[in-house]
Amino acid sequence: MTFTAPHVPAVTHTEQERYHNDSDPHRRASSLSNIILGGQDGLVNVLGVVLGVAAATSDPRIVIVAGLAATFAESVSMGAVAYTSTLADADFYESERAREYRHIAQVPLVEREEIRQIYANKGFQGDLLERIVDTITASPDVWVEVMMAEEHKLQPADRAVALQAALVVGISAIIGSLIPLAPFFFLPVSTSMASAIVLTAIVLFAVGAYKARTMVGHPMRSGLEMALIGTVSALVGYAVGALLKAPVTP
C-alpha cells in the first residue's frame, strides 16, 4: 500500500512575512507594553487631576478644561518619551555593537573563549563545541551578533519603529485619559467623582487581567493589583485638591 502525502500549497513570501510578524513574541509584547503604558498612564494621571480639581471646585467647566489640558499634554509627553527611549535603545545597541567589534579585533582570543564558554554552558562539548566556535568566529559579523544576543542579551532596536511606538503610546494615553473624564460631561461633579473612580478601577482591573492572560501571571491578582495601585495613586490628587480647596464666594 502506497501512502500519498496530501498536497500542501506553497507558502508565498507575503504569507511568510505575515506569519513571522504575527508569531514574533517580542513584537507582540512590545506593542502590548506600549498600549498599557500609554493607557494606564493616561487613566491614572488624568483621574488624579480631575479628582484634585473637582475636590477644589464644584464648577464642572473648570474640571473638564483641566482634564482636557492634562489629556493632551500627557499624550504628547508620553509619545515623546516613547520616541526618545526607543532611539536611546537603538543608540545603546549600536554603541555596544561597535565595542564588540573593537574587542574581537584587539583581543580575539579572549572573545573566542567567551564564545566557547557560552556554548559549553549550553551543554556542547568536544569536537562539536570546537566546530561551533570555529564557525561563529570565522565571520566577524556573526561573531558580534552572537555576542550581542548571548552575552549582552540585547536585541537590535529598529529606529523605524520609534515613531510607531510614539503614536501607539500617545493614542493610548488619549483614550485612557478620556475614560475618567467622561462622567464630568454628563453628571454633577460630586457624582462624577465617584463614577470616575469606579470606571477607572474597572478598566484597570480588565487591563491587568488581560495582561496576565496574554503574558504570564494570575488574572485576578494582576487585575486587582493594577486597579488598587492606580486608584490609590489617583487619590493623591484628590487629597491635594481637598487640602487646597478654593473658598466658596457668595
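Computed from a prediction, not measured in an experiment: that's the story for all the values here.

**Re the overall build of the chain**
- Helices and strands together make up the secondary structure of the chain, namely nine helices and zero strands.
- Moving toward the C terminus, one meets the helices and strands of the chain in the order α-α-α-α-α-α-α-α-α.
- In the chain, which comprises 250 residues, the proportion classed as buried is 33%.
- Put simply, 72% of the contacts in the chain that link residues at least 6 apart link residues at least 24 apart.
- As presented, the chain carries roughly 15,300 Å² of accessible surface, and 65% of it is formed by carbon and sulfur atoms.

**Side note on the nonpolar core**
- The biggest cluster of nonpolar side chains holds 15 residues, and the ones touching the most others in it are Leu 47, Val 50, Ala 54, Val 63, Phe 184, Val 189 and Met 193.
- Every element with two or more residues in this core is listed here: α2 (25-56), α3 (60-106) and α8 (189-214).
- Among the elements that make up this core, the one with the highest residue count is α2 (six residues).
- Every residue in contact with Val 63, bar those within four places of it in the chain, is listed here: Val 50, Val 53, Ala 54, Thr 57, Leu 181 and Phe 184.
- Core analysis: the next-biggest nonpolar cluster, separate from the first, contains 14 residues, Ile 115, Tyr 119, Val 146 and Met 148 among them.

**So, the packing of aromatic side chains**
- Throughout the structure, instances matching the rule amount to two aromatic pairs.
- Ring centres 6.1 Å apart and planes at 55° place the aromatic pair Tyr 119 and Phe 124 in the tilted group.
- Taking relative accessible area as the criterion, Tyr 119 reaches 13% and is therefore assigned buried.
- Residue classification places Phe 124 among the partly exposed positions, given a relative accessible area of 30%.

**Things to note about helix α4 (residues 108-121)**
- Counted at 1.5 Å a residue, the expected span for α4 with its 14 residues is 20 Å, and the 20 Å between its end C-alpha atoms agrees.
- Tucked inside the fold, the buried residues of α4 contact α3, α5 (126-137) and α6 (140-151).
- In the segment just after α4, Gly 123 is the residue with positive phi, at about 105°.

**Details of the pattern of salt bridges**
- Summed over all chains, the structure comprises six salt bridges.
- The closest approach of N and O atoms between Arg 99 and Glu 96, which form a salt bridge, is 2.7 Å. Residue Arg 99 and its partner Glu 96 are both found in helix α3; the two are separated by three residues, about one turn of the helix.
- On the basis of relative accessible area, Glu 96 is assigned to the buried category, the value being 13%.
- A salt bridge links Asp 134 to Arg 112, with the shortest nitrogen-to-oxygen separation between them at 2.3 Å. Placement of Asp 134 in helix α5 and of Arg 112 in helix α4 is noted, with a sequence separation of 22 residues between them.
- Beyond isolated ion pairs, a larger network of salt bridges with shared partners links Glu 113, Arg 116 and Glu 130.

**Some remarks on the confidence of the model for the chain**
- Overall, the prediction assigns the chain a mean pLDDT of 77, with 82% of residues at 70 or greater.
- Scored below 50 in pLDDT, residues 1-11 makes two contacts in the model with residues more than four places away or belonging to other chains.
- Confidence drops under a pLDDT of 50 for residues 13-23, and excluding neighbours within four residues, the segment shows five contacts in the predicted structure.

**Some thoughts on the environment of Tyr 119**
- Here Tyr 119 is to be found in helix α4.
- Along the sequence, Tyr 119 and Glu 130 sit 11 residues apart, while their C-alpha atoms lie 9.6 Å from each other.
- If sequence neighbours within four positions are ignored, Tyr 119 has contacts with Phe 124, Leu 129, Ile 132, Ile 136, Val 146 and Glu 150.

**With respect to the packing of α3 against helix α7 (residues 161-181)**
- Interaxial distance between α3 and α7 falls to 8 Å at its minimum, and their mutual angle equals 160°. In terms of axis orientation, α3 runs roughly antiparallel to α7. Seen along the crossing, α3 lies across α7 with a hand that is right-handed.

**Some words on the side chain of Glu 96**
- A polar atom in the side chain of Glu 96 sits 2.7 Å from the side chain of Arg 99.
- Ignoring anything within four residues of it in the chain, the contact list for Glu 96 reads Met 148, His 152 and Leu 154.

**Re the side chain of Arg 116**
- Within the secondary structure, Arg 116 is located in helix α4.
- Those residues in contact with Arg 116 that lie beyond four places of it in its chain are Leu 129, Glu 130 and Val 133.

About the cut-offs
Position labels on residues start from 1 in each chain and follow its written sequence. Totals for whole chains, interfaces and linings use every residue, but because this is a predicted model, local features are given only for residues with pLDDT of at least 70 and side-chain atom pairs only at 80 or more, for both listing and counting. Only hydrogens and water are set aside; all other atoms, that is, all heavy atoms of the structure, feed into the side-chain values. Under the scheme used here, helices are H or I runs from DSSP no shorter than 4 residues and strands are E runs no shorter than 2 residues, and both carry numbers assigned from the N terminus. Between buried and exposed lies partly exposed: a residue is buried under 20% and exposed over 50% of the maximum accessible area for its type, with that area taken using a 1.4 Å probe on protein chains only. In what follows, residue pairs with any heavy atoms lying within 4.5 Å of each other are defined as contacts. Surface accessibility follows the Shrake-Rupley procedure with a 1.4 Å probe radius. Residue values consider only the protein chains on display as shielding. Here the nonpolar core consists of buried residues drawn from Ala, Val, Leu, Ile, Met, Phe, Trp, Tyr and Cys, with membership extended through side-chain atoms lying within 4.5 Å. Paired rings are identified among Phe, Tyr and Trp, the last through its six-membered ring, by centres lying within 6.5 Å, and are further divided according to the angle between planes into stacked (under 30 degrees), edge-to-face (over 60) and tilted (the rest). In a helix, the anticipated span is given by 1.5 Å times the number of residues less one. Just to be clear on terms, a salt bridge is a Lys or Arg side-chain nitrogen sitting within 4 Å of an Asp or Glu carboxyl oxygen. Predictor confidence is given residue by residue as pLDDT, running from a minimum of 0 to a maximum of 100. Where helices are involved, their axes are fitted lines through C-alpha atoms of the stretch in contact, as for all axes, and angles between N-to-C directions lie from 0 to 180°. Any angle between 65 and 115 degrees counts as roughly perpendicular, while under 35 counts as roughly parallel, over 145 as roughly antiparallel, and the rest as oblique. In this scheme, a crossing is called left-handed if the near helix is turned counterclockwise away from the far one by less than a right angle; it is called right-handed if the turn is clockwise. Polar contacts here mean pairs of N or O atoms no more than 3.5 Å apart (in protein, one a potential hydrogen donor and the other a potential acceptor; neighbouring residues in sequence count only if both atoms are side-chain atoms).

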